[in-house]
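A structural walkthrough
Here is what each chain is made of, one letter per residue.
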Amino acid sequence: MKKIFALSLALFGLLSLQAQQAKLKGQIGSDADNENLSGITILLLESNQKVSADATGKFEITNINYGSYTMQIQGEGFEMITKVIKVDQPEMVLSLITLQADDYKAQIDNGTTVVVADDGGSGSSQMVASVLNASRDVFVAATSFNFSAARFRLRGYDAENFVTLMNGSPTTDLVTGRTMFFLWSGLNDVMRSRETSLGLAQSTYTFGGVGGSFSIDSRASHQRKQLQASYAISNRTYDNRFMLTYGSGWLKGNWSIAASISRRWAQEGFIKGTFFDGTSYFLAIDKKINAKHMLSLTTFGTPNSSGRAAPATLEQIELAGDKYYNSFWGYQNGKMRNSSVAKSFDPTAILTHEWNINNRTQVISAATITVGRNSRSAFDWFNAPDPRPEYYKNLPSYYNDPQAANAVATYLKDNPNMMQVQWDQLYEANRLNVETFENVDGVAGKNITGAYARYVLEERRIDHTIFNFNTYINTMISDNISVNGGLTYQFQKSNYYKVIGDLMGADYYVDINRFASLDSTDYSLPLFQSDLNNPNRILKEGDRFGYDYDAVVGKGTGWASATARFAKIDLFASAELSNTGFYRNGNMRNGNFADESYGKSAKQSFTNYALKGGATYKINGRNYVFANAMTLTRAPLFDNVYAAPRVRNQIASNLINENIMGLEAGYFLRAPKLRGRAVAYYTTFENQYNTFSAFTFEENAFVNFTNTAINKTHKGIELALESLLPHGITLSGAASIGQFVYTDRPKLTITQDNTAEQLVKDETVYIKNFHVATGPQSAYTAGISYRSKNFWFVSLNANYFAQIYADVYQYRRTTSATDLVEPGSQLWNDILKQTQYDGQYTIDFFGGWSYRLNNNIKSLKRPMYIVINVGVNNLLNNTDLVTGAFEPLRFDKSLTTFAENAQPRLYYGFGRTYFINLVFRMN
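Report on the accompanying structure. (Residues numbered from 1 in each chain as written. Predicted model: local features only at pLDDT ≥ 70, side-chain atom pairs only at ≥ 80, totals over all residues. Heavy atoms only, no water.)

Here we look at the overall build of the protein
Formally: Where helices and strands are cited, they refer to DSSP runs of H or I of at least four residues and of E of at least two residues respectively, numbered from the N terminus. Burial status follows relative accessibility: with a 1.4 Å probe on protein chains alone, a residue under 20% of its type maximum counts as buried, one over 50% as exposed, and anything between as partly exposed. Residue contacts are defined here by distance: any two heavy atoms, one from each residue, within 4.5 Å place the two residues in contact.
From N to C terminus, the protein includes nine helices and 51 strands. For the protein, the proportion of its 923 residues judged to be buried stands at 57%. Within the protein, contacts between residues separated by at least 24 positions form 71% of all contacts whose residues are at least 6 apart in sequence.

Here's the deal with the pattern of salt bridges
Applied cut-off: For this analysis, a salt bridge means a side-chain nitrogen from Lys or Arg found within 4 Å of a carboxyl oxygen belonging to Asp or Glu.
Tallied over the entire structure, the rule returns 32 salt bridges. With a shortest N-O distance of 2.8 Å, R153 and D158 are connected by a salt bridge. In this structure R153 comes out as partly exposed when scored by relative accessible area, which is 33%. Close ionic contact of K833 with D830 constitutes a salt bridge, the shortest N to O distance being 3.9 Å. Under the relative-accessibility criterion, D830 is labelled buried at 14%. Among the ionic contacts, a cluster of salt bridges with common partners joins R155, E664, R677 and E718.

A few points about helix 5 (residues 423-432)
As a reminder, the rule being used: Here the arc refers to the set of directions running from the helix axis out to each C-beta atom.
All of the buried residues in helix 5 are W423, L426, Y427 and N430. With its buried residues spanning 100° around the axis, helix 5 presents them on a single face. Residues Q425 and L432 are exposed on helix 5 and point more than 90 degrees away from its buried face. Against strand 21 (329-332), strand 22 (335-338), strand 25 (361-381), strand 27 (448-451), strand 28 (455-476) and strand 29 (481-502) lie the buried residues of helix 5.

Examining the sheet that holds strand 3 (residues 49-52)
Either a parallel or an antiparallel arrangement is found when strands of a sheet pair, and the pairing is made through backbone hydrogen bonds. Going by this rule: Pairing between strands requires that DSSP locate at least two bridges from one strand to the other. To get an axis, a line is fitted to the C-alpha atoms, and for a helix only the part in contact is used. The angle between two axes follows their N-to-C directions and goes from 0 to 180 degrees.
On the basis of which strands lie adjacent, the open sheet formed by four strands has the order 3-2-5-6 and antiparallel pairing. A strand with exactly one partner marks an edge of an open sheet, and here the two such strands are strand 3 and strand 6 (81-87). Each neighbouring strand pair of the sheet contributes to a mean axis angle of 25°, computed without reference to strand direction. As paired elements, strand 5 (residues 67-74) and strand 6 share seven bridges and run antiparallel to each other. Opposite Y69, over in strand 6, you have I85 as the bridge partner.

Describing the sheet that holds strand 13 (residues 194-198)
Taken together, the four strands give an open sheet; going across it, the order is 12-11-14-13, and neighbouring strands pair in mixed fashion. Every other strand in the sheet has two partners, leaving strand 12 (169-170) and strand 13 as the edge strands with one partner each. The sheet contact formed by strand 13 and strand 14 (residues 212-216) spans five bridges and is antiparallel. Looking across to strand 14, one finds that S197 is bridged to S213.

A closer look at the nonpolar core
We count it as follows: For this analysis, a nonpolar core means a set of buried residues of the types Ala, Val, Leu, Ile, Met, Phe, Trp, Tyr and Cys, connected via side-chain atoms within 4.5 Å.
Counting 64 residues, the largest nonpolar core has F705, I750, F801, Y811, Y837 and L906 as the members making the most contacts within it. Contact partners of I750, with chain neighbours within four places excluded, come to V703, N704, F705, E757, Q758, L759, V760 and Y811. Membership of the second largest hydrophobic core comes to 21 residues, among which are V51, I61, M71 and M92.

Re helix 2 (residues 138-146)
Counted residue by residue, helix 2 has eight buried out of nine residues, so it is predominantly covered. Where helix 2 is concerned, the buried positions are V138, F139, V140, A141, A142, T143, F145 and N146.

Examining the side chain of S260
Applied cut-off: By the criterion applied in these results, polar contacts are pairs of N or O atoms within 3.5 Å in which, for protein atoms, one can donate a hydrogen and the other can accept it, and in which residues neighboring in sequence qualify only through two side-chain atoms.
In this fold, S260 is placed in strand 17 (residues 255-266). There is a polar contact of 2.9 Å between the side chain of S260 and the side chain of T245. In this view, S260 contacts L187, V190, M243, L244, T245, S280, Y281 and F282; residues no more than four positions away in its chain are not counted.

And the structure:
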């Protein structure tokens, strides 16, 4: 009996021991002087418990069952550490864990080192380490920096195929589908804590997009404790940048504060006539209410203005003798002035609540409000010649007579200023145009006399009001199964309108639409009125005119994802359900569309689903193979379905959801000294829409182009390899080899903007197997870097870009456009062919050095550092790289000089540029 009692007591003690739970504490440190510790994640593989270190590197994990665990510590900028720990005490405090800075390369623009995470061996645990997405791998680093000069697009995808979150809240413009990166431009220091999910991989905080997702955590407590000042000089978009950043860490009373301000400016950028003037600010405050709840308020804004650059044809480039010829500027009273100035200011505030229910369940909710304005200036004119210097009638190619064409070419080459805006002449034309305008405001006998502007500078504005609410939950229902999910509501109202920016020396302008009719110039007719509710309005600077409408979009989304991690395989499955609704609200009653322009249009509503899943087989802690798949439907974008939203409610016929299907599979290598990836992908896009408006010379009118039934396939492979050699040397290489083509023949409808007359209706466009113009479809990079133990590094990368195509004018590829052209003739081939540009190379150099002042100045009480980073892009000054091209909306097959008249407009990559950044930091 005593033996039985003793055995029972021992068994009870053993069970009690197994049921005991512990608390684990630790702190992360770094061996480098210039690395960012924010965003470090600590994961216990067997229990799937995950926490983030605070700004000082401290972390705490509670409710841990006694036992052995494999711990993974990973953060952007550091090599991953995998270690085995044994939990056998109620409270355990680990010794300092020191992370090593990754050896990849420098991101010069940020003045910091951008790195690749390292998955080590499997340790002594039977659970093989999973592949995490906390930092970018070697391929993403290459595509983000080495390929950026060529405007490379990951997998050739449009912007709406990527999702970016800020503190859990989406940052998507619902009208265009694009991420609004401009909201936080210039705030590099406080936007470094991020998680990246590439392609169809599982996303932690969202279902994700076809191309992946990016989650930025800018909360104050996730910023590094520091006071940092930096100054940079460059010859790129801006010449100077000053930045000041402060992070308090946790203060008494459980408060945390972070702030940053930057100033960027250039009187003239790399391209002549451009300029930049921008300020960015950031303020974040966190309050930890208790161990379970934290509130965070983050606000930021980036007011800026910039002079833009125009694309040019080869003819214009040859006449100007400059590949960066910019037709937007000219001299006014001897001073350079740009006619196309972009301005933006969209202040944003995010309120976030973090609720740590326990160590296995976390809920994060965020509400975001953005209220701001974007604008771009351009010429408007009335009863006057086109003021733009690149106007086709001003160029030699307009003349069929070779002698006349040569005379024009000689004149422009001898007088290069005539290829720029003639500001003084335009002002003079306005001052001399003294007229009496009758029946002002539609009142008979009410007249005005003065300088009636022939030319004005208009500002095309978009005023945004955006509200987002997002709540997200992550819970571990067992040691190897976790479930994520969330609800999101997004609302956006964008007011599109234009105002008189500059009367250019005149006294007034009148709100009359000169394109309203091609058959009459009797401007007293109602059809010429932009707003019948306010006819014959006299316009002064700042007055609205021409068009004024709201794009109103709402979207609700719910999603869920489950992950199962086993010894040798990881599985995930995700699902999403959403509803999108939008409508147009007209604020002017257009004279041509009195019943279709004013007030709310019919609301369009779309219900959509998305499914994705994947599996990763863990051969060991260094070798992984995986496969992921996705299928989804997506509502068409407001921007793509309204034929002429400026003047009427007309939408594309038979609107349906887009359909997208994606597959990817590959191999990851994550060894301590060798890492790499090989991934193949295949994605189809079906039933897409595209709408844009432009002035065409065939019709001598403003027309609307609507494409329907656009089907595309994007397929390719992504390769990357990096080897850490002895003595601080690293070799790396990456390649993206893609083929992005139209797989069917879309339909094209062309309507006249001011009459709604259908000039072309659902005509077949013969572009099957044409290439989608998305920048280079193939890109390659190879690099070598050296990192010294004395905290300096240098790196050199060689890059090559190929398969660059011009975007095609689709009407040229229709039957009606070529019905009288002899098939197989030279003209036939000139009309149908798609222009391809030669492959080009660039070479980039990066270097940096950091120094700890405390090494020599022992009296300093806090760690202080000086960091210098230097970058030279396109070291050999190759100016032949075409980064974008599109065919002009001009087509006249009767012209013997068709090929010259149909030259695409080109964007060239910058030549040699440099960036030097000096940083002082006190931790």
